[in-house]
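One letter stands for each residue in the lines below.
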Amino acid sequence: APHRPHAGGLAADVGSIVGGRRLRRNRRTDWSRRLVREVSLTVDDLIWPLFLTEGEGVAEDVPSMPGVQRFSVDGVVRQAEEAAKLGIPAVALFPNTDPSLRDDTGSEALNPDNLICRACRAITREGLPIGIITDVALDPYTSHGHDGLMQGEDILNDETVEQLVRQALLQADAGADVIAPSDMMDGRIGAIRSALDRSGHGDVQVMAYAAKYASAFYGPFRDAVGTNTTLVGDKRTYQMDPANSDEALREVELDLEEGADMVMIKPGMPYLDIIRRVKDTFLMPTYAYQVSGEYAMICAAGQNGWIDRDRAMMESLIAFKRAGTDGILTYFAPEVARRLAKAV
Ligand code: PBG
C-alpha cells in the first residue's frame, strides 16, 4: 500500500499517489503558460498562396474559399506588397489559366508571357523583401486537368519531366526565387536542379512537394484554378496513397538526394504524423501545406457557428509547429500575420 504521510483529505491522497507531481500548477496563470510553452507561431512561419487571373483590376471571389480572391497581375503585386509589409517571408503563386489557353499538352506552361511569368516579373520589379515561390506542374494548363502529359489514361513520366524542366527555367528567368514542383513525377527534382544549375540559376531554391497525397482536400483549390470541372479521373497514379507513411520517407529521401533544399508535406492537418517522421528522419527544412479544403472546413464550420473560426485557425497552425514544421503554406497567412503583429 502507498505511504500516506498527510492522509486525511482526498487531495492529499491524490498528491501522494502521484508522488506530488501536479501538472496543472504550470497552467494556472497566463504568464506561466507562456513560460512553459514549447513552440510558438511567428510571421516567419507563414507562406501565403495567391491565385492569379487574367485582366486588370480584377479581384474575384473564390466561392468555396471565403475571403480568398483571384487577382490580376496588378492586384497580385499589391498583395505581395501587403505580404512584405506584414513581414510574411514568401508568397506562392497559382494561375487560373483562361480555358481557351488550355490544351492537351499544357503548352501555355511554356509561354514566357503566361500569367505566372508576368506576375514574377511584376513582383520582382518592386524589389520587395519577399521570396516568390512558383508551382511547377501542368494541371493549370492542361485541358484534362492532370499534372503531366497523357497517353490515353497514362501519365508519361519522363516526357512530362522534360516539360517541367522547361517550365521551371522560364519561371526562374522571370524572377522566381523558389521552384516548387507539385507534380509528383519521378526524377523531376534532379532534372530541374541540374537544369537550373546549368542555366545560371544556381541560387534558385527548390522546395519539393515531396510527399503529396491524392487527397479530397484539394477541391476548393481546383475551383480556384478552374480544374474542378475539367479533371478526368483522379491523380492516384502519381500522388500518394493516404494509407502510406514509410513511402513518404522514401519520396523525401529521393527528393533530397536529387537536390531539394526544402521539402513539403501536403495536405497538412490530416498528415501531421508524416511531418513529424520527415522532420525527425531528415532534419531538413520541412513545410506543410494547409490546403484549400482544410481552409474551407474551418471557415464553413465557423460560418455555421459550429466552431470558433479564429481559435480553430490559430490552433491548427500551432499544431503544425508542434509537429515539427519550419513553415506553413496557408490561406490564413495575412490574417494571422496581422493578429500576431497586434499581439506583440
Ligand atoms: C497542382 C496543385 C494542387 C494544389 C497545389 N498545387 C492541386 C492538385 O494537385 O490537384 C492544392 C493546393 C490546395 O488545395 O490548397 N499541382
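Conventions we followed
Residues numbered from 1 in each chain as written. Predicted model: local features only at pLDDT ≥ 70, side-chain atom pairs only at ≥ 80, totals over all residues. UniProt positions renumbered as here; feature names shortened; annotations may be inferred. Domains from an automatic or database assignment. Helix = DSSP H or I, 4+ residues; strand = E, 2+ residues; numbered from the N terminus. Buried ≥ 20, exposed ≤ 12 C-beta atoms within 10 Å, placed from the backbone. Contact = placed C-beta atoms within 7 Å.

Named according to an unreviewed UniProt entry, the protein chain is Delta-aminolevulinic acid dehydratase originating from Stappia taiwanensis. In its Catalytic activity (unreviewed entry) section, UniProt records this for the protein chain: "2 5-aminolevulinate = porphobilinogen + 2 H2O + H(+)".

**Q** Can you explain the domain arrangement of the protein chain? Please cite residues and give values.
**A** Assigned domains within the protein chain: domain 1 (1-37) and domain 2 (39-343). The centre of domain 1, based on its C-alpha atoms, is set 47 Å off from the matching centre of domain 2.

**Q** Hey, could you go over unusual backbone geometry for me, with residue numbers and the actual values?
**A** The omega torsion of the bond from Lys-266 to Pro-267 falls at -5 degrees, within 30 degrees of zero and hence cis. Here the phi dihedral of Met-184 falls at roughly 65 degrees; this positive angle occurs in a residue that is not glycine. Assignment of secondary structure puts Met-184 in the loop between strand E8 (178-181) and helix H6 (188-198). A tally of 24 C-beta atoms within 10 Å means that Met-184 is categorised as buried. Residues other than glycine seldom take positive phi values, yet Leu-283 does so here, at roughly 50 degrees. Relative to the assigned elements, Leu-283 resides in the loop between helix H9 (272-282) and strand E11 (286-290). The exposure class of Leu-283 is exposed, given the 9 C-beta atoms found within 10 Å.

**Q** With reference to specific residues and values, describe the UniProt feature "binding site: Mg(2+)" (unreviewed entry) in the protein chain.
**A** UniProt's entry tags Glu-251 with the feature "binding site: Mg(2+)" (unreviewed entry), counted in the numbering of this structure. With residues near it in sequence (within four places) discarded, Glu-251 still touches Ala-210 and Ala-211.

**Q** Go over the UniProt feature "active site" (unreviewed entry) in the protein chain with me, naming the residues and quoting the values.
**A** In this structure's numbering, the residues bearing the UniProt feature "active site" (unreviewed entry) are Lys-212 and Lys-266. A maximum C-alpha distance of 4.9 Å places the annotated residues, which cover 55 residues in sequence, within one compact spot. With respect to the helices and strands, Lys-212 occurs in strand E9 (residues 205-212). Here Lys-212 falls in the buried class, since 27 other C-beta atoms lie within 10 Å of it. With respect to the secondary-structure elements, Lys-266 resides in strand E10 (residues 262-266). Look past the residues within four positions of Lys-266 in its chain and what remains in contact with it is Tyr-209, Lys-212, Tyr-213, Tyr-289 and Val-291.

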